[in-house]
There are 2 protein chains.
Amino acid sequence: MPTRPSARDRLLDAAESVLFSSGIRATPVDELLRQAEVSPATMYAHFGSKDALVAQALRRRLADWQRVWDAHVLAAGDDTSRLLALFDALAAYREDRTTRWCAFLATAAEHTAQEGEIADAVAADTALLAERLLHLAGPIAGATAQELADEVLLVYNGTLASFLRGAPASAVVVGRRLAESAVEAHRSAAERS
Amino acid sequence: MPTRPSARDRLLDAAESVLFSSGIRATPVDELLRQAEVSPATMYAHFGSKDALVAQALRRRLADWQRVWDAHVLAAGDDTSRLLALFDALAAYREDRTTRWCAFLATAAEHTAQEGEIADAVAADTALLAERLLHLAGPIAGATAQELADEVLLVYNGTLASFLRGAPASAVVVGRRLAESAVEAHRSAAERS
DNA sequence: GTCTATACAACGATAGAC
DNA sequence: GTCTATCGTTGTATAGAC
């Protein structure tokens, strides 16, 4: 017999399913409480504030995303596939969830404050992307790995922002194709040298 | 002797300078009123609601942006330069204003509602981009013009989103380089056929 | 740990006078 | 057209009981 998740987990689930698709500021705490079937007092006992709940939900989400990305990198067979696995992971990640575009960029867009735990959670996503892409670009581009990593990160950002804009359609396909071209350009440049 | 701008214009100026850098929902009407030195009643007499003021500010901003983009396209000397003028216009546009990333995408991120005058203003930006890029891509890519236009739009979205993320740095430079690669790929493909 | 009830502040919008 | 003063609502957070 399946145990009902704790109030804390129900709140995080509600936060994840509503906050990043309907907007953080647009979603009152009451709605999260209703969906989680939790009283205000319990929520504030667990998290202390709405912002803290948001930050927690973001941290959990980053861990989830990291796992999905990891799995796709590990499943890839060569250097190029490992770098481009970012886009396959993105496609897979989106199939299983309800996100308009990107929880982290959406949060950054709503919260202009550059300090605090929410900003930190967003920065963690950016740091993860920058670090891993640089690492994955190394075997392909050598001396210009930083440039390639920058290009792939920009294309990734563009894929996410294209979901938000609603154009171009099939953003993952277009993004992957662009990233592939960038890889090809660096690969042939590295061969020439 | 310079006349003081009308209350209406002062409100639109205040909206533009604050709303899209600090966030729409995060900015109370009171702050716009203070900055514009206008009373609540006057504002509501002119616009009727905060949302209507936002929509008006977006419409004015789109017209401004369109003018800047136009000028850069006209100044360009060849097909490729005309298509890539998007990025030169973006760099010039940003030098003159205070925007965190993009007023239209930021508004879309905050307002999940798909109907209403605010959503319409955002959609107008997307429509302008899609239409013009397709037109500019035609002479370069011929039969695959739609694909090239999609790629440039995604890179443009990525450049804007990179401002928001704070990475990669020099997003306009990276974006322009990516768009240039996309053009080159289509040009050589068109020559082969 | 969890509840009900409520305090307190912020915000969007309006009334009525000039 | 513009002002001052204020209304009604919503939203975050807490008090106090169980």
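Residues numbered from 1 in each chain as written. Chains lettered and ligands numbered in written order. Predicted model: local features only at pLDDT ≥ 70, side-chain atom pairs only at ≥ 80, totals over all residues. Heavy atoms only, no water.

As a further point, take the protein's contact with DNA strand D. Around DNA strand D, a shell composed of 16 residues is seen, among which Val29, Tyr44 and Lys50 of chain A together with Ser39 and Ala41 of chain B lie nearest. Among the atoms of DNA strand D lying within 4 Å of the protein, the sugar-phosphate backbone contributes 59%. In this structure, Lys50 of chain A approaches DNA strand D through a main-chain N or O atom, which is 3.0 Å from a phosphate oxygen. His46 of chain B has a polar side-chain atom sitting 3.1 Å from a phosphate oxygen of DNA strand D. Mapped by element, the contributors of at least two residues to the surface near DNA strand D are α2 (29-36) and α3 (40-47) of chain A together with α3 (40-47) of chain B. (Near = heavy atom within 4 Å. Polar contact = N/O pair within 3.5 Å; in protein donor to acceptor, adjacent residues only side chain to side chain. Helix = DSSP H or I, 4+ residues; strand = E, 2+ residues; numbered from the N terminus.)

Take the packing of helix α5 (residues 79-95) of chain A against helix α7 (residues 117-141) of chain A next. All names here are of chain A. With their axes 8 Å apart at the nearest point, α5 and α7 run at an angle of 160° to one another. Between α5 and α7, the angle is such that the two are roughly antiparallel. Relative to α7, α5 is oriented so that their crossing is left-handed. Residues Asp79, Thr80, Arg82, Leu83 and Leu86 of α5 lie in contact with α7, whose contacting residues are Leu129, Leu133, Leu136, Ala137, Pro139 and Ile140. Among the residues forming the contact of α5 with α7, the class breakdown is eight nonpolar, one polar and two charged. (Axes fitted to C-alpha atoms, helices over the stretch in contact; angles between N-to-C directions. Parallel < 35°, antiparallel > 145°, perpendicular 65-115°, else oblique. Left-handed = near helix turned anticlockwise from the far one by under 90°. Contact = heavy atoms within 4.5 Å. Nonpolar A, V, L, I, M, F, W, Y, C, P; charged D, E, K, R; others polar.)

What follows deals with the relation of the copies chain B and chain A. For these two chains of identical sequence, chain B goes onto chain A by a turn of 180° and a shift of 0.0 Å along the axis, with RMSD 0.0 Å. These values place the two chain copies in the arrangement generated by a two-fold rotation axis. Taking C-alpha positions as reference, the residue of chain B nearest the rotation axis is Gly158 of chain B, located at 1.6 Å. In this assembly, 100% of the residues forming the interface of chain B have copies in chain A that are likewise at the interface, indicating an isologous arrangement. (Least-squares fit on C-alpha atoms with pLDDT ≥ 70 in both.)

Bringing the UniProt feature "DNA-binding region" (unreviewed entry) in chain A into the picture now. UniProt annotation of "DNA-binding region" (unreviewed entry) refers to residues 28-47 of chain A when read in the numbering used here. Secondary structure content for residues 28-47 of chain A is 80% helix and 0% strand, while the C-alpha to C-alpha distance between its ends is 15 Å. (UniProt positions renumbered as here; feature names shortened; annotations may be inferred.)

As a further point, take the UniProt feature "domain: HTH tetR-type" (unreviewed entry) in chain A. The UniProt record annotates "domain: HTH tetR-type" (unreviewed entry) at residues 5-65 of chain A. Here residues 5-65 of chain A is 79% helix and 0% strand, with 21 Å between the C-alpha atoms at its ends.

Looking now at the interface of chain B and chain A. On the chain A side, the residues contacting the 39 residues of chain B number 39 residues. Counting the surface chain B buries against chain A, the share from its top three residues, Leu154, Arg165 and Leu178 of chain B, is 23%. Among the salt bridges present, the one from Asp125 of chain A reaches Arg165 of chain B, with a minimum N-O distance of 3.0 Å. Linking chain B to chain A there are 16 residue pairs in polar contact (both at pLDDT 80 or more). In terms of residue count, helix α8 (residues 145-165) of chain B provides more of the side of chain B that touches chain A than any other element does, 15 residues in total. (Buried area = accessible area lost by both parts, 1.4 Å probe. Salt bridge = Lys/Arg side-chain N within 4 Å of Asp/Glu carboxyl O.)

Turning next to the pattern of salt bridges. One pass over the full model with this rule turns up 24 salt bridges over all chains. For the salt bridge of Glu180 of chain A with Arg176 of chain A, the shortest nitrogen-to-oxygen distance reads 3.9 Å. Of this pair, Glu180 of chain A and Arg176 of chain A are both found in helix α9 (residues 171-192), four residues apart, which corresponds to roughly one turn of the helix. Its relative accessible area of 24% is what places Arg176 of chain A among the partly exposed residues. Put simply, Asp88 of chain B and Arg176 of chain B hold a salt bridge, and the shortest N to O gap is 2.9 Å. A residue pair is termed long-range when its members are at least 10 positions apart, and Asp88 of chain B in helix α5 (residues 79-95) and Arg176 of chain B in helix α9 (residues 171-192) qualify at 88 residues. Through salt bridges with shared partners, a single network forms among Asp13, Glu16, Arg60 and Arg61 of chain A. (Buried < 20%, exposed > 50% of the residue type's maximum accessible area, 1.4 Å probe, protein only.)

Next up on the list: the protein's contact with DNA strand C. The local shell around DNA strand C holds 14 residues, among which Ser39 and Ala41 of chain A together with Val29, Tyr44 and Lys50 of chain B are the closest. Protein-proximal atoms of DNA strand C, defined as those within 4 Å of the protein, fall in sugar or phosphate at a share of 62%. A distance of 3.1 Å separates a phosphate oxygen of DNA strand C from a polar side-chain atom of His46 of chain A. Between a phosphate oxygen of DNA strand C and a main-chain N or O atom of Val29 of chain B, the distance comes to 2.7 Å. Of all the secondary structure elements, the ones that give two or more residues to the surface near DNA strand C are α3 of chain A together with α3 of chain B. Take the surface near DNA strand C: its biggest share by element is four residues, from α3 of chain A. A per-class count over the surface near DNA strand C returns nine nonpolar, four polar and one charged.

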